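Notes for the structure review
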Amino acid sequence: MVPAPESSSPLFLPRPDFAGLLAALEAQGYTCIGPRTADGAIVYDALTSADQLPHGVRDIQAPGRYRLEDRPGPRWFAWANGPQALKPRLFAPREVLWRAERRADGSLDFRDESSAAEAVAVIGVRACDFAGLALQDAHFLGGPRPDPFYQARRDRLFLVAVHCTHPAATCFCASTGDGPRAASGFDIGLDELDDGFVAAAGSAAGAALLAGLGLAAASPAQVDAGWEQSRRAAAAQVRALPGRNLRSALFANLEHPRWAEVAGRCLACGNCTSVCPTCFCHAETESPALDGGSSEHGREWDSCFTAGHSHIHGLAVRPDTRSRYRQWLTHKLGGWHDQFGRSGCVGCGRCIAWCPVGIDITEEAAAICGPAAP
């Protein structure tokens with residue numbers, strides 16, 4: 001369900017004035033990142049001009065399939081998502097946490113690596129990725145000792161949402177309650193119309209930036225058009241999980257024959273965990289210099305599908321694909337309720353599209369837990 005519009009005073013940003021938004025962000029010291037087409041996909045990259053946005057492009061997604069096609073029209077955000085989310089901007093795929101150097105007397109000097117970060121504004125963030133960000137925040141910042149590297153990047157992040165209007169066939173954020181309209185977490189929220197954007201502030205920083213653009217108020221018809229797009233986008237989704245809390249059903253079916261069936265198709269490649277906006281598994285690495293004089297201690301993305309991820313005391317706790325896939329699904333859709341009070345799935349559908357063999361998480365969950373209620 002898409003909630004009713006809040007009482008606010010949205011502004012209208014004409015399409016030619018979008019450059020003013022980018023210029024205002026740059027003037028405040030932000031490096032702008034936004035969606036661009038590269039290598040047949042929509043990816044986040046440096047954005048200095050609206051001309052670099054994916055004009056007249058739609059994404060076609062299905063299990064194990066992703067491609068772009070031209071759809072003539074004025075819109076820049078008439079697509080669902082690409083393989084990236086906000087995660088790589090906050091939880092780096094690889095980074096050095098600290099270094100050790102050998103002193104002349106043979107003792108070791110340990111030094112923390114700097115956690116400084118540049119100010120970044122991300123344009124075009126989707127609702128599912130705000131939900132993923134909230135879960136990443138809970139993991140990296142919710143404990144007694146917030147992660148300093150994540151915290152440094154998070155504190156210098158400005159987020160511009162564009163509410164979804166064109167869900168892919170793999171999207172199911174409506175069933176998880178995470179879209180297609182971003183409810184919170186953004187500094188500025190945009191509804192894209194043919195001639196421009198209805199803009200609403202989501203933070204004091206966003207309100208201040210919009211105030212400086214000299215925009216006129218959006219008309220009631222423009223505001224209604226934006227909300228109607230969100231309602232249509234929710235209604236257009238064809239996939240759904242069988243429920244929002246599958247914890248009991250999953251843990252009651254740990255020996256279900258479907259685990260072996262899906263393991264026969266799964267390559268244990270970890271693509272699903274790489275593109276997932278909420279997965280946060282990582283490995284600690286040591287990279288000693290060849291001369292033995294120094295070493296770097298790093299952190300890099302890992303996956304519960306790798307053989308080494310469950311290696312404990314000389315053996316792998318999850319030695320085969322069946323046990324690894326079961327761990328991923330039961331943790332994502334079940335165990336996260338104990339950790340974070342909700343499922344770890346935000347309905348973005350990336351794991352479906354980017355799985356080389358087209359495994360569909362909604363299909364597997366329904367096979368094990370039972371289909372969704374009509």
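Conventions and cut-offs
Residues numbered from 1 in each chain as written. Predicted model: local features only at pLDDT ≥ 70, side-chain atom pairs only at ≥ 80, totals over all residues. Heavy atoms only, no water. Helix = DSSP H or I, 4+ residues; strand = E, 2+ residues; numbered from the N terminus. Rg over C-alpha atoms; globule rule 2.2 N^0.38 Å. Buried < 20%, exposed > 50% of the residue type's maximum accessible area, 1.4 Å probe, protein only. Pairing = 2+ DSSP bridges. Contact = heavy atoms within 4.5 Å. Axes fitted to C-alpha atoms, helices over the stretch in contact; angles between N-to-C directions. Polar contact = N/O pair within 3.5 Å; in protein donor to acceptor, adjacent residues only side chain to side chain. Phe/Tyr/Trp six-rings, centres within 6.5 Å; stacked < 30°, edge-to-face > 60°. Parallel < 35°, antiparallel > 145°, perpendicular 65-115°, else oblique. Nonpolar A, V, L, I, M, F, W, Y, C, P; charged D, E, K, R; others polar.

Concerning the overall build of the protein chain
- If you tally the helices and strands in the protein chain, you get 13 helices and 16 strands.
- For the protein chain, whose C-alpha radius of gyration is 22 Å, the value lies close to the compact-globule estimate of 21 Å for 374 residues.
- In terms of overall dimensions, the protein chain has a C-alpha envelope of 65 × 60 × 40 Å along the principal axes.
- Counting all 374 residues of the protein chain, 51% fall into the buried class.

Regarding the sheet that holds strand S9 (residues 157-162)
- As summarised here, the arrangement of the eight strands in space is S3-S2-S8-S9-S10-S11-S1-S12, forming an open sheet in which the pairing is mixed. At either margin of the open sheet sits one strand with a lone partner, and together these are strand S3 (41-46) and strand S12 (216-217).
- Two elements, S9 and strand S10 (residues 188-193), share three bridges in a ladder whose sense is parallel. When the sheet's bridge partners are listed, Val 160 is paired in S10 with Ile 188.
- Lying on the sheet, helix H1 (residues 18-27) is in contact with strand S1 (11-14), strand S2 (31-38), strand S8 (120-125), S9, S10 and strand S11 (196-201); it crosses S8 at an angle near 150°.

Thoughts on the side chain of Gln 61
- Within the secondary structure, Gln 61 is located in strand S4 (residues 57-62).
- Its relative accessible area of 4% is what places Gln 61 among the buried residues.
- At 2.8 Å, the side chain of Gln 61 forms a polar contact with the side chain of Asp 59.
- A distance of 3.1 Å separates a polar side-chain atom of Gln 61 from the backbone oxygen of Asn 81.
- Beyond its immediate stretch of four places on either side in the chain, Gln 61 contacts Tyr 66, Ala 80, Asn 81, Ala 168, Ala 169, Thr 170 and Ala 353.

So, the packing of aromatic side chains
- Going through the model one piece at a time under the given rule, you end up with 20 aromatic pairs.
- Relative to Phe 340, the ring of Phe 280 has its centre 6.3 Å away and its plane inclined at 85°; by these criteria the two rings are edge-to-face. Of this pair, Phe 280 sits in the loop between helix H10 (271-275) and strand S13 (282-288) while Phe 340 sits in helix H11 (residues 321-340), placing them 60 residues apart in sequence.
- A relative accessible area of 10% means that Phe 280 is categorised as buried.
- Using a relative accessible area of 23% as the deciding quantity, one classes Phe 340 as partly exposed.
- Here Phe 305 and Trp 328 contribute two aromatic rings whose centre-to-centre distance is 5.9 Å and whose plane-to-plane angle is 50°, an arrangement assigned as tilted.

What to know about the pairing of strand S5 (residues 65-70)
- Alignment of S4 against S5, held across six bridges, turns out to be antiparallel. Bridged to Gln 61 within S5 is Tyr 66.
- Hairpin connection from S4 to S5: two residues lie between these consecutive antiparallel strands, with Gly 64 at a positive phi of about 70°.

With respect to the packing of H11 against helix H13 (residues 361-369)
- Running from N to C, H11 and H13 point in directions that differ by 90°, and their axes come no closer than 12 Å. It follows that H11 is roughly perpendicular to H13 by the angle criterion. Residues Tyr 325, Trp 328, Leu 329 and Leu 333 of H11 form the contact with H13, whose participating residues are Ile 361, Glu 364, Ala 365 and Ile 368.
- Classifying every residue of the contact of H11 with H13 by side-chain character gives seven nonpolar, no polar and one charged.

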